[in-house]
Amino acid sequence: MPALVLVSWLLVSTLTACGGGDDIGVTSSAVARELQEASTTSAGQRTATDDADASPSPSPSRAAPKKPFICARDSLTCVEVASTADTLQTKVPLTFGLPLKAGAWKHHASALYATDDLGRSIPMQADDISSHRDGTARFAVISALVSSLQPGERRVISFFAGGNRGAAQTLPEVHDWNLEVVATVYSPQTVKVTFGDRSGQRAGTPFKEGETIGLSLTSSQGVTEKYNLTVNAAQAGGGYSTLQGIASAFATLINEKSQVFVTEKPLKSYENFFIRTKDPGMGKFGVTFEYRGIASLVSSTVAEFAQPEIWSYKPQNDLIAAIKSSNTPISRRGIVRFTGPVASEFHLAAPLVNQTTGKPHPFLTARLDSRFYEQGKRSRTDVVLENNWAFKQNPRNIRYELVVKQNGKKLFHQPSFEHFHHARWHKPLWSEKPQYVLRHQIQDFFDSKAVHNYDLTLPITEATLNAEQVNLEKAKKTQGHLGPMANLFLKPDFLSTGGRAENGPLPRWTTLYLLTQDERAFESMLENSNAITGVPIHYRDEATDLPLNPIEHSSYSTHVNSRKKPPTSEDPTIWAPDQAHQASYTYLPYLLTGDRFYLEEMMFWASWNVLNQTVANRQGSLALISKDQIRAQAWILRSFGEVYRSLPDLHPMKQVYSEILQNNLDHFFEIYITKKLTSPLGAITHLSSSSSSPWQMDYFMTTMSLLAQNRDPHAQEILNWWGRFTVGRFLSVPRRFVWNLTARIHRSG
């Protein structure tokens, strides 16, 4: 490969500047080492931390490296399973993702088999296989069963190509599972309070410094709370900023002191805030003002109170039907995800049903990804709640509390929260949860080209990992009122300037995990990946029960200027998403866990990234992205590559995302290389503009480098062409071309 391309890979993966203010966010600071070959021991055995093991002993401030583990000779790769239980565990079930390098496993010709470090056979199966461009396995979801684990015991499982897949387990058709999902849906009264009467940029009648504004709230039980605010100099006036200051001050005051009421100040609510009762079933309340000035004060009821309703889903009969289909050789698409000698997983889905009327809920849908081991003796169910139908009219936020029961016994309770429109969340539940941590042979992970080749010698301190854990718990506590819709470490306003932990080739928490495989980083990665599912970008097609296909629905757009949109909602959320500040959210969580929830999340984002372009800009069914900002193009293209690499070969949407990815690579090849419609320097351009930002090109080079490594057609040629400019900025410093000061390149002619 051309040297300049390799240099570009090594350089640009360290750059994580965020635009919108040309700010810098140092997040994924690991340097990509694309030239590094997988290290081997003299005996031909690979270790998970060969580089770290060869380095000097860590100082007390550096996180202690995990003990190296050795893969068996001639194996494709291996993982380590370490017990975290205090007692003996038997028949320990494992399911996880396993990336593989090209050429390693010809999965159409043979199965996989596994042994542990004592040479004992490990029962296993490989499912949901995604292939490299050469047809060999790129990724598989592995399920295995470890016969026993002593407290603190570490077991290495190595994988080999060969043998045949064993017969699938048989599950009892009348299964003692009996889960029930029950939601108490509330319709609390919600009142909007508006300060002032400004009109756009024109200020309204001003509030004056020293004036007192009184606000009284009276509950249906006759309890009255009074709040007063004296307008200060910063709040005096009738313009946007002063009115927002008053609204924010009142909202904060009520939240700090009220025993009965709570306020919400959503993103971009400006001079407004919203009031409701803390107990959503409490009933109606009144709002009155005491104010002697001449400025405007208005309260309006935006939602009337209604009595709570009980909605539920009892999936037992659906499970029995799915088990019957898995035990007989009939079509199983969409019901049985996989079935094999170790595990069977079923996808059960239905709208919640009103327990009084029997009618289905128009928006709330329960999805249960239920996995069974040991002929059904042990189970793991990922309970997913969605409010995201693409074409249902009048989509809205829904406030409810949720209980999951098994045989009438409560397994899980989620207190009342507001489920945003076009959002989803999940909660995995075990009948008997195994206690272990699993580590991949990380250099083999890098060699699969699933991710960039990070520098494992970078020091990650204990203080860094402890801070990640402590700050995560703080975020959970302070955002507890948002329930599963909390943003945790993510910035809700994607357009806001300043450094952000999620920007870069991978988010901070994901990079920390790749470098350490530490449990604290793993928790942070999963929790923040869960948080992103509350963003209102999820559009599921009721006709296919899949994320919306942007090629099939090429005339629709969610863009603000679109004439033909899916039904929209005016209900406020905490989020303002865009593409230019988007991160890689659930790619690594899926590669590590194999969970269907994270795979579908990638699909939702990739589809939205197309749908949120105008139909004209994306040229309809071609789904092109070249009219967007360069940084947006980088991250959108990354999302296409991630979902294409992850989807199983037989998934009905695999070809859709393959076509979208290839259409864009073909388009870039045509405009930059074939037709040479842009800078001869090799600079990428924003095709709706006449200028380019080099730091945004660095983002694009990071994405394109991984596509090239995965041999996606035209990616290497595009990378070589663009690399002339990106790498040239660094190599031309002696010629007084200062790489870090080249803020913008203008196109002429």
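Placed above this text is the structure.
The notes below deal with the structure included here. Note that the structure is predicted; figures quoted are calculated from it, not measured. (Residues numbered from 1 in each chain as written. Predicted model: local features only at pLDDT ≥ 70, side-chain atom pairs only at ≥ 80, totals over all residues. Heavy atoms only, no water.)

### Structural notes on the overall build of the protein chain
We apply this condition: Helix and strand assignments come from DSSP, with helices taken as H or I runs of at least 4 residues and strands as E runs of at least 2, each series counted from the N terminus. Between buried and exposed lies partly exposed: a residue is buried under 20% and exposed over 50% of the maximum accessible area for its type, with that area taken using a 1.4 Å probe on protein chains only. Throughout, the Shrake-Rupley method with a 1.4 Å probe supplies accessible areas, and for residues the shown protein chains are the sole cover considered.
Counting its regular elements, the protein chain contains 14 helices and 30 strands. For the protein chain, the residues scored as buried account for 59% of the 749 residues in total. For the protein chain, the accessible area works out to roughly 30,400 Å², and carbon and sulfur atoms hold 52% of it.

### Things to note about the state of the cysteines
Put simply, the test is: Disulfides are defined as cysteine sulfur pairs within 2.5 Å.
Applying the stated rule across the entire model yields one disulfide. In this model, Cys-71 is linked to Cys-78 through a disulfide, with the two sulfur atoms separated by 1.9 Å. Linking Cys-71 and Cys-78, the disulfide has an S-S dihedral of approximately -75° and is accordingly described as left-handed. Just as Cys-71 is buried, Cys-78 falls in that class too.

### Regarding the packing of helix 7 (residues 508-516) against helix 8 (residues 519-531)
Angle between the axes and distance between the axes: these two values describe a pair of packed helices. Inclusion rule: Angles here are taken between N-to-C directions and fall from 0 to 180 degrees, while the axes themselves are lines fitted to C-alpha atoms, restricted in helices to the stretch in contact. Note that the term roughly parallel is reserved for angles under 35 degrees, roughly antiparallel for angles over 145, roughly perpendicular for angles of 65 to 115, and oblique for everything else. Crossing chirality is assigned from the near helix's rotation relative to the far helix, an anticlockwise turn below a right angle marking it left-handed and a clockwise turn marking it right-handed. Only heavy atoms enter the contact rule, under which two residues are in contact if any of them lie within 4.5 Å. Residues are sorted three ways: Asp, Glu, Lys and Arg are charged, Ala, Val, Leu, Ile, Met, Phe, Trp, Tyr, Cys and Pro are nonpolar, and all the rest, Gly among them, are polar.
Across the interface, helix 7 lies against helix 8 with an axial gap of 8 Å and an inter-helix angle of 150°. Considering their axes alone, helix 7 and helix 8 lie roughly antiparallel with respect to each other. Between helix 7 and helix 8 lies a crossing of left-handed hand. Residue-level inspection shows Trp-509, Thr-510, Leu-512, Tyr-513 and Thr-516 of helix 7 in contact with helix 8, the latter providing Ala-521, Phe-522, Ser-524, Met-525 and Asn-528. A class-by-class count of the residues in the contact of helix 7 with helix 8 yields six nonpolar, four polar and no charged.

### Looking at the packing of aromatic side chains
This is how it is decided: Stacked, tilted and edge-to-face are the three classes applied to pairs of Phe, Tyr and Trp rings, where Trp contributes its six-membered ring and a pair requires centres within 6.5 Å; stacked means planes under 30 degrees apart, edge-to-face means over 60, and tilted covers the rest.
Here the structure, examined in full by the defined rule, presents 32 aromatic pairs. Taking the centre distance of 5.2 Å and the plane angle of 55° together, the rings of Tyr-513 and Phe-522 count as tilted. Exposure remark for Tyr-513: the relative accessible area of 3% places this residue in the buried category. Ring geometry for Phe-668 against Phe-700: centres 5.4 Å apart, planes inclined by 85°, an arrangement best described as edge-to-face. One end of the pair, Phe-668, is in helix 12 (residues 654-674); the other, Phe-700, is in helix 13 (residues 694-709), and 32 residues separate them in sequence.

### What to know about helix 10 (residues 596-611)
Residues separated by three or four positions in an α-helix point in the same direction, a consequence of the helix having 3.6 residues per turn. Where we set the bar: In this scheme, a helix's expected span is set at 1.5 Å multiplied by one less than its residue total.
The end-to-end C-alpha distance of helix 10 is 23 Å, a good match for the 22 Å that 16 residues give at a rise of 1.5 Å each. Taking burial as the measure, the 16 residues of helix 10 include 16 buried ones, the bulk of the element.

### Re the sheet that holds strand 4 (residues 89-99)
To summarise the sheet geometry, strands pair through backbone hydrogen bonds and adopt either a parallel or an antiparallel arrangement. Stated precisely, the cut-off is as follows: Pairing between strands is defined by DSSP: at least two bridges between the two strands are required.
The strand order 4-8-7 describes an open sheet built from three strands, whose pairing is antiparallel. Of all strands in the sheet, those with a lone pairing partner are strand 4 and strand 7 (124-131), marking the two edges. The mean angle between the axes of side-by-side strands here comes to 15°, regardless of whether they run parallel or antiparallel. In terms of strand pairing, strand 4 meets strand 8 (residues 137-149) through ten bridges, oriented antiparallel. Among the inter-strand pairings, Gln-89 is bridged to a residue of strand 8, identified as Leu-149.

### Remarks on the pattern of salt bridges
Threshold: Only one rule defines a salt bridge in this text: a Lys or Arg side-chain nitrogen within 4 Å of an Asp or Glu carboxyl oxygen.
This structure, assessed with the given rule, holds 37 salt bridges. The salt bridge involving Arg-155 is made with Glu-153; its shortest N-O contact spans 2.9 Å. Taking relative accessible area as the criterion, Glu-153 reaches 22% and is therefore assigned partly exposed. When the shortest N-O distance is used, the salt bridge between Arg-520 and Glu-462 registers 3.0 Å. Of the two residues, Arg-520 sits in helix 8 while Glu-462 sits in helix 6 (residues 462-478), which places them 58 residues apart along the sequence. Through salt bridges with shared partners, one network takes in Arg-367, Asp-369, Glu-386, Arg-424, Arg-540, Asp-545, Arg-596, Glu-600 and Glu-601.

### Considering the pairing of strand 13 (residues 224-230)
Of the two faces of strand 13, the one holding Glu-225, Tyr-227 and Leu-229 is buried and the one holding Thr-224, Lys-226, Asn-228 and Thr-230 is not buried anywhere. Examined bridge by bridge, strand 12 (residues 212-219) and strand 13 share seven bridges and lie antiparallel to one another. Each bridged residue has a counterpart across the sheet, and for Thr-212 the counterpart in strand 13 is Thr-230. Connecting the antiparallel pair strand 12 and strand 13 is a turn made up of four residues, with Gly-222 showing a positive phi of about 85°.

### Things to note about unusual backbone geometry
Here Asp-128, not a glycine, exhibits a phi torsion of approximately 50°, which is positive. With phi around 65°, Lys-449 is a residue other than glycine that occupies positive phi space. Tracing the chain through its elements places Lys-449 in the loop between helix 5 (442-447) and helix 6.

### Overview of the nonpolar core
Our working rule: Residues belong to a common nonpolar core when they are buried Ala, Val, Leu, Ile, Met, Phe, Trp, Tyr or Cys residues joined through side-chain atoms within 4.5 Å.
Ranked by internal contacts, the top residues of the largest apolar core, which has 137 residues, are Tyr-400, Leu-637, Met-704 and Trp-722. Take this core: its biggest share by element is eleven residues, from helix 10. Setting aside chain neighbours within four positions, we find Tyr-400 in contact with Ala-183, Thr-184, Val-185, Tyr-186, Leu-364, Leu-385, Pro-415, Ser-416, Phe-417, His-419 and Trp-425. Grouped together as the second largest cluster of nonpolar side chains are 26 residues, Phe-207, Leu-215, Val-231 and Phe-250 included.

### Some thoughts on the packing of helix 12 against helix 14 (residues 715-731)
Following both chains from N to C, one finds helix 12 and helix 14 inclined at 40°, their axes separated by 10 Å at the closest point. What the angle tells us is that helix 12 and helix 14 run oblique. As for the relative orientation of helix 12 and helix 14, their crossing is left-handed in sense. Here Leu-665, Phe-668, Phe-669, Tyr-672 and Ile-673 of helix 12 come into contact with helix 14, specifically with Glu-717, Ile-718, Trp-721 and Trp-722. A per-class count over the contact of helix 12 with helix 14 returns eight nonpolar, no polar and one charged.

### Focus: helix 8
The following threshold applies: The definition of a polar contact used here is a pair of N or O atoms within 3.5 Å, where within protein one atom must be able to donate a hydrogen and the other to accept one, and adjacent residues in sequence count solely through side-chain atom pairs.
Compared with an ideal rise of 1.5 Å per residue, which puts 13 residues at 18 Å, helix 8 spans 18 Å between its outermost C-alpha atoms and is within 8% of the ideal. Elements in contact with the buried residues of helix 8: helix 6, helix 7, helix 9 (587-593) and helix 10. With a side-chain oxygen lying 2.8 Å from the backbone nitrogen of Arg-520, the N-terminal cap of helix 8 falls on Asp-518.

### Thoughts on the pairing of strand 24 (residues 409-419)
The sheet contact formed by strand 23 (residues 398-406) and strand 24 spans eight bridges and is antiparallel. Each residue of the ladder has a partner; that of Lys-405, found in strand 24, is Lys-410. From the end of strand 23 to the start of strand 24, which pair antiparallel, there are two residues, and Asn-407 there has a positive phi angle of about 50°.

### Describing the sheet that holds strand 17 (residues 297-303)
Spatial ordering of the open sheet is given by 14-15-11-17, a layout of four strands whose pairing is antiparallel. Here the strands that pair on one side only, and so sit at the sheet edges, are strand 14 (261-264) and strand 17. Averaged over neighbouring strand pairs, the angle between their axes works out to 30° when direction is ignored.

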